[in-house]
Amino acid sequence: MSPRLLIALVLGSMVVTLSMGIRQVFGLLLLPVTTDLDVNREVFGLVIGLQNLLWGVTQPVAGLLADRFGAGRVIATGGLLYVAGLGLGAVCGNATSFGLTIGGLVGLAQSGTAYAVVLGGISRAAPPDKRSLALGIASAAGSIGMFTLVPLTQGLISTIDWRWTLAVLAALTAGIPLLAIGLREPKSAAGASADTVATRDVLRTVARHPDFWLMTTGFAACGFQLAFLATHLPSVLINSGLSAATGAAALATIGFSNIVGTALCGLLGVRYRKNRVLALLYLTRTALFIAFLALPASQTSALLFAGALGLTWTGTVPLTSGLVGDIFGARHMGLLFGIVYLGHQFGAFAGAWAGGLSFDRTGSYVPVWAAAILLGLLAALLHWPIRDVSRTVIAAT
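Residues numbered from 1 in each chain as written. Predicted model: local features only at pLDDT ≥ 70, side-chain atom pairs only at ≥ 80, totals over all residues. Heavy atoms only, no water.

## Focus on the pattern of salt bridges
When the charged atoms of two side chains with opposite charge come close together, those side chains can pair.
Then step 1. Counted under the stated rule, the structure contains four salt bridges.
Then step 2. The residue arginine 361 makes a salt bridge to glutamate 42 at a minimum N-O spacing of 3.5 Å. On the criterion of sequence distance, the pair formed by arginine 361 in helix α16 (residues 333-362) and glutamate 42 in helix α3 (residues 41-69) is long-range, its members being 319 residues apart.
Then step 3. Ionic pairing is found between aspartate 211 and arginine 387, a salt bridge with its closest N-O pair at 3.8 Å. Taken together, the residues aspartate 211 in helix α11 (residues 210-239) and arginine 387 in the segment after α17 (366-383) connect sequence positions 176 residues apart.
Then step 4. Residue classification places arginine 387 among the partly exposed residues on the basis of a relative accessible area of 46%. (Salt bridge = Lys/Arg side-chain N within 4 Å of Asp/Glu carboxyl O. Helix = DSSP H or I, 4+ residues; strand = E, 2+ residues; numbered from the N terminus. Buried < 20%, exposed > 50% of the residue type's maximum accessible area, 1.4 Å probe, protein only.)

## Quick notes on the packing of helix α4 (residues 71-89) against helix α6 (residues 115-125)
Then step 1. Where α4 contacts α6, the axes come no closer than 9 Å and their chain directions differ by 160 degrees. Comparing the axis directions of α4 and α6 gives the class roughly antiparallel. Here the hand of the crossing between α4 and α6 comes out left-handed. Between α4, through Ala71, Val74 and Ile75, and α6, the contact on the second element is made entirely by Val117, Val118, Gly121 and Arg124.
Then step 2. In the contact of α4 with α6, the residues fall into five nonpolar, one polar and one charged. (Axes fitted to C-alpha atoms, helices over the stretch in contact; angles between N-to-C directions. Parallel < 35°, antiparallel > 145°, perpendicular 65-115°, else oblique. Left-handed = near helix turned anticlockwise from the far one by under 90°. Contact = heavy atoms within 4.5 Å. Nonpolar A, V, L, I, M, F, W, Y, C, P; charged D, E, K, R; others polar.)

## Examining the side chain of serine 235
Then step 1. Tracing the backbone shows serine 235 in helix α11.
Then step 2. The exposure class of serine 235 is buried, given its relative accessible area of 3%.
Then step 3. In contact with serine 235, not counting residues within four places along its chain, are Leu30, Arg41 and Tyr365.

## Here we look at empty space enclosed by the protein
Then step 1. This model, assessed by the stated rule, comprises four cavities of 30 Å³ or more.
Then step 2. If you add up the space inside the largest cavity, you get close to 90 Å³.
Then step 3. Looking at the largest cavity, the residues that line it are Arg23, Gln24, Phe26, Gly27, Ile48, Gln51, Asn52, Leu226, Ala227, Ala230 and Thr231.
Then step 4. Those elements that place two or more of their residues in the lining of the largest cavity are α3 and α11.
Then step 5. Considering each element in turn, the lining of the largest cavity owes the most residues, four residues, to α11.
Then step 6. Tallied by class, the residues present in the lining of the largest cavity amount to five nonpolar, five polar and one charged.
Then step 7. One number sums up the size of the second largest cavity: a volume of about 40 Å³.
Then step 8. Along the walls of the second largest cavity sit Met20, Arg23, Tyr115, Phe219, Cys222, Leu226, Thr314, Thr316, Val317, Tyr341 and His344, which together make up its complete lining.
Then step 9. Looking at the lining of the second largest cavity, the elements that each hand over two or more residues are α1 (3-23), α11, α15 (316-328) and α16.
Then step 10. In terms of residue count, the dominant contributor to the lining of the second largest cavity is α11 (three residues).
Then step 11. In terms of residue class, the lining of the second largest cavity is built from seven nonpolar, three polar and one charged. (1 Å grid on protein atoms, 1.4 Å probe; cavity = no way out; pocket = protein on both sides within 12 Å on 5 of 7 lines; lining within 4 Å. Points joined across faces, edges and corners; volume = space filled by probe spheres on them.)

## Notes on the packing of aromatic side chains
Then step 1. Applying the stated rule across the entire model yields 18 aromatic pairs.
Then step 2. Plain terms: the ring middles of phenylalanine 289 and tryptophan 369 are 5.6 Å apart, the flat faces sit at 70 degrees to each other, and that makes the pair edge-to-face. In this pair, phenylalanine 289 is assigned in helix α13 (residues 274-294) and tryptophan 369 in helix α17, connecting sequence segments 80 residues apart.
Then step 3. Members of the aromatic cluster, connected to one another through ring pairs, are Phe228, Phe289, Phe292, Phe305, Phe359, Tyr365 and Trp369.
Then step 4. Sitting above the plane of the tryptophan 384 ring, arginine 276 keeps its charged end 4.2 Å from the centroid. (Phe/Tyr/Trp six-rings, centres within 6.5 Å; stacked < 30°, edge-to-face > 60°. Lys NZ or Arg CZ within 6 Å of the ring centre and 35° of its normal.)

## A word on the nonpolar core
One broad rule of soluble globular proteins: the nonpolar side chains tend to lie buried together.
Then step 1. One finds Ile75, Leu86, Phe98, Phe337 and Trp369 to be the most contacted residues of the largest nonpolar core, which totals 118 residues.
Then step 2. Looking at this core element by element, the count peaks at 14 residues for α11.
Then step 3. In contact with isoleucine 75, not counting residues within four places along its chain, are Val15, Gly112, Thr113, Val117, Val118, Ile176, Ala180 and Leu183. (Core = buried A, V, L, I, M, F, W, Y, C linked by side-chain atoms within 4.5 Å.)

All quantities given are derived from atomic positions and should not be read as evidence of function.
Here it is as structure tokens:
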């Protein structure tokens, strides 16, 4: 492994650990925030949904800027926005200010510090034969963040309150701009002067590519499932008679299991066709949903479900990003994976909002579980026919 790849992989993984780890803790805030601010679950779900949507809408822009000027600058800016969003969110007094800070500023921060930008920089530092493995390792870092930050957050909420908890998380994100210093890219790796194909030509090419839209649509199903569970699983378990600590333990178990699952998916992407691995992953996740709903609710069943689900949680990320790199090349990966991730975030918006909407209107999450199951089946069908070989004019890198 070259020194440049090693530095990018280590520091990029640390950024993802913080960014994606904090992303997973907001479900723990649902009950204390809705009680303190006197809002319902639909409003909370809408705020988290808007966070995901804004992240997705701005992700292609952040990816394009990272392709042009290097991932380091974009990550540093995103880190500063993260500090501002969490810090100001800690002192908000109503749903509007909560939405502007946790929904708005944090959504913008995530587009600059999450997978698309970081993985784009790592992908440009990695040779093609090591790309899928490197992306798998970096993607697993998000699970490390989930495993460590979820119990930390639950402990802080129980010990102090949700406002001081956000202040502590803001202090942690202050390290992201410092990590970004080591993620600067040489001009030959990122910069407008290195472009051999204009951005408009890249977009025109992928717009005519059916496999690109199959990936984007299938990834939306993943976003719906993960945002629904990350936002509402703790309250799902509490409504089933289990404790808040069990909800936090379930999320932490997902994170721990996903460390192994995401790295394993990266390895499987090296040995087997990524689109077929993705199809099987979505089918496995769907089967787990059905099994969870069929079993009586207990701490044991919740943790077993979380452990099994974690093996599939973000395993889609190295496979999907690797598929984009395989078909279209790494040079414009920040932009292209950013567009694919936009589909993911449209799904995430729907999943986070639908969970709160369903509970407030019906007193149950069953309609959303049904939607998650159907979308999992659809995603498997969409990924199976993708032809994962380079055939375009932008696949030279």
